[in-house]
Amino acid sequence: MGHGPSPFTNNRLLVYKPWVPRQLRFWLIILFAFFYQLSGGVYLAALSQMVGELSFISEDVTMASYCSLIGLNMIFPVLFRWKFYFYSRQMWFVSSIGSIICAVAAPYSTIPWVLWLVCLFAGYFKMMGMFGCMSTIQLNITPTRNYGVFFPVVYILVCGSIQISGLMTAYISYDFNWKYVYLIIVGLMMVIDLIVYFMMNRDHRGAPFIPLKGVDWTGHVLWVASCCIAAWIFNFGEHYDWWDSREIWYATWLFIAVFAVTLIESHYKKEAFISLKAFCYPTTSRVSFVLLGIAVIQASAHVLQPVFMNAVAGYDYFTIVNFNYPEIYGIIMGAVLTYFAIVRWKWRMKIFFFTCFLLTTFYVIACYFLIDPSAEAWLFYIPLFAFGAGEVMMEAGATYMVCRNIPFQHMFMNIAIIGFARCGVGTAAAGALVERMFAWAMGKNVMLTSSGLDNLSGDCFSWFTEYFTQQNIMLAIKECYGYLILFGILMMLIILFARFSPSMNRILPTMSAASRWIRNPHGTPDPTLR
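Let me sum up the structure you'll find in this document. These figures come from a predicted structure and were not determined experimentally.

1. A short note on the packing of helix α1 (residues 22-38) against helix α9 (residues 180-199)
Next, step 1: Direction vectors running N to C along α1 and α9 enclose 150°, while the axes themselves pass 10 Å from each other. Between α1 and α9, the crossing angle belongs to the class labelled roughly antiparallel. When the axes of α1 and α9 are compared, the crossing they make is left-handed. Taking contact as the criterion, the partners of L28, F32, F35, Y36 and L38 in α1 are, on α9, I185, L188, M189, V191, I192, I195, V196 and M199.
Next, step 2: Partitioned by chemical class, the residues of the contact of α1 with α9 number 13 nonpolar, no polar and no charged.

In structure tokens:
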């Protein structure tokens, strides 16, 4: 007996020309999605090189990464409008050419705000290309249009590509120059352009044409501006000593003014970019709360872990780089576990989110007990594996819950809203909280130990200063991990006692059904309902 047809090749993908082998079509678009995920503005693995060569401070580069996250998040409410405006291959051309322009401009942007703007558009084009890929092959991934099957595939690409891009950047920066990473991105985008030009039909559409008329571009700009200002405050707060500086006060008043105008515009606009009604669903507040909670715990991996590995343990460059590998394996396992938990085992979302926090809190607990100057690097592999699994499970589970509970009218708006918690603003706020906590703990430890150094002099003073500095850093990191353990336990208790509404029987909408709804939202049934 022969094998049945592969589910990945059942759908013929008519965007391709007839001569392209059917077995190749699905995997080419998966390759596109992977290439798009490698693009996106700046690469924090090359942060020290960028700071040194472009005369930036580290906050300038991290702000650029937040702008990239904001750009890819704030395109969600208009993704379907772009999808129905372009021909299928036009969408890939626009997103790849836009990514090429951003990749060429980013390494030569010597003014911080120019780099931020470039990264904002880089994130925008990245998500446009990614949506073009995943919306094309959604029926190949899940012929039954099941969100529980679709999102693990999406987020294994998203989260896995972040780690792979970090590895790629680290090795290229060490052996060559960090700017070569952007050259590789340009090459990958050109590969997409060539495949699209020669292998895909010129006039194919996923659904009938819909013009961009009626899109709230003013609201689009206002929401992006509000998010960028908020991220700037959280990112530069520690640098400028928070509200003891005029810069943070000016930015705060500017945020209040812009955000007020944004809310007023959203209230009075008939078809607002993000309707205020989208904030009223109980699912929105619950998922945003859970995402903010886990963002605080995850911030320890970006704030506390690098300090320990460099200043206390003294690991070499490639030892730190290789920590990406257990996270990649954890992401793969987390995506598989998400599929089984949602589709096969039918877990309630309360148990699912509890498991996510259990995995990330285990990472923090393990780090608390492993903090020691003589700790071997391999001891962190299992905690990082759990961290990667918890990360992809939370990302996929949160999006799944929103899509299963929110009507199509506000579904993509709500994905953008929960993105405030996990992309850009929430990430910056969580990082700022953990950074402030570490600075407070470090300052307290220095005050307690500095009095003992007053009677020392010469070489003895130098040695003791170095020793006490290392000990103070180690104690401050350990103290912060202790607080995060308590926070993780508190979040797990809150989830256990919280009420999560059961998911509705919603499905991935077809392109034709979504198109009909956008043309006539009041006379067309919700395309996500069976």
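The structure having been displayed, the exposition proceeds.
2. Considering helix α5 (residues 88-105)
Next, step 1: Look at α5: 27 Å from first C-alpha to last across 18 residues, which is about the 26 Å you get at 1.5 Å a residue.
Next, step 2: Lining the buried residues of α5 we find α1, α4 (79-85), α6 (112-136) and α9.

3. With respect to the layout of surface pockets
Next, step 1: Here the second largest pocket defines a volume of roughly 980 Å³.
Next, step 2: In terms of lining, the second largest pocket is formed by 33 residues, of which the most central are E271, A272, Q409, M413 and W517.
Next, step 3: Elements represented by at least two residues in the lining of the second largest pocket include exactly α4, α11 (246-268), α17 (408-422) and α20 (511-519).
Next, step 4: Per-element accounting of the lining of the second largest pocket gives the leading share, 6 residues, to α17.

4. Quick look at empty space enclosed by the protein
Next, step 1: For the structure shown, the criterion picks out 1 cavity of 30 Å³ or more.
Next, step 2: In this model, the largest cavity occupies a volume close to 80 Å³.
Next, step 3: What lines the largest cavity is S39, G40, G41, Y43, S99, C102, A103, A106, A122, Y182 and I185.
Next, step 4: Those elements that provide at least two residues to the lining of the largest cavity are α5 and α9.

How each quantity is defined
Residues numbered from 1 in each chain as written. Predicted model: local features only at pLDDT ≥ 70, side-chain atom pairs only at ≥ 80, totals over all residues. Heavy atoms only, no water. Axes fitted to C-alpha atoms, helices over the stretch in contact; angles between N-to-C directions. Helix = DSSP H or I, 4+ residues; strand = E, 2+ residues; numbered from the N terminus. Parallel < 35°, antiparallel > 145°, perpendicular 65-115°, else oblique. Left-handed = near helix turned anticlockwise from the far one by under 90°. Contact = heavy atoms within 4.5 Å. Nonpolar A, V, L, I, M, F, W, Y, C, P; charged D, E, K, R; others polar. Expected span 1.5 Å × (residues − 1). 1 Å grid on protein atoms, 1.4 Å probe; cavity = no way out; pocket = protein on both sides within 12 Å on 5 of 7 lines; lining within 4 Å. Points joined across faces, edges and corners; volume = space filled by probe spheres on them.

Purely geometric stuff here, so don't read any function into it on its own.
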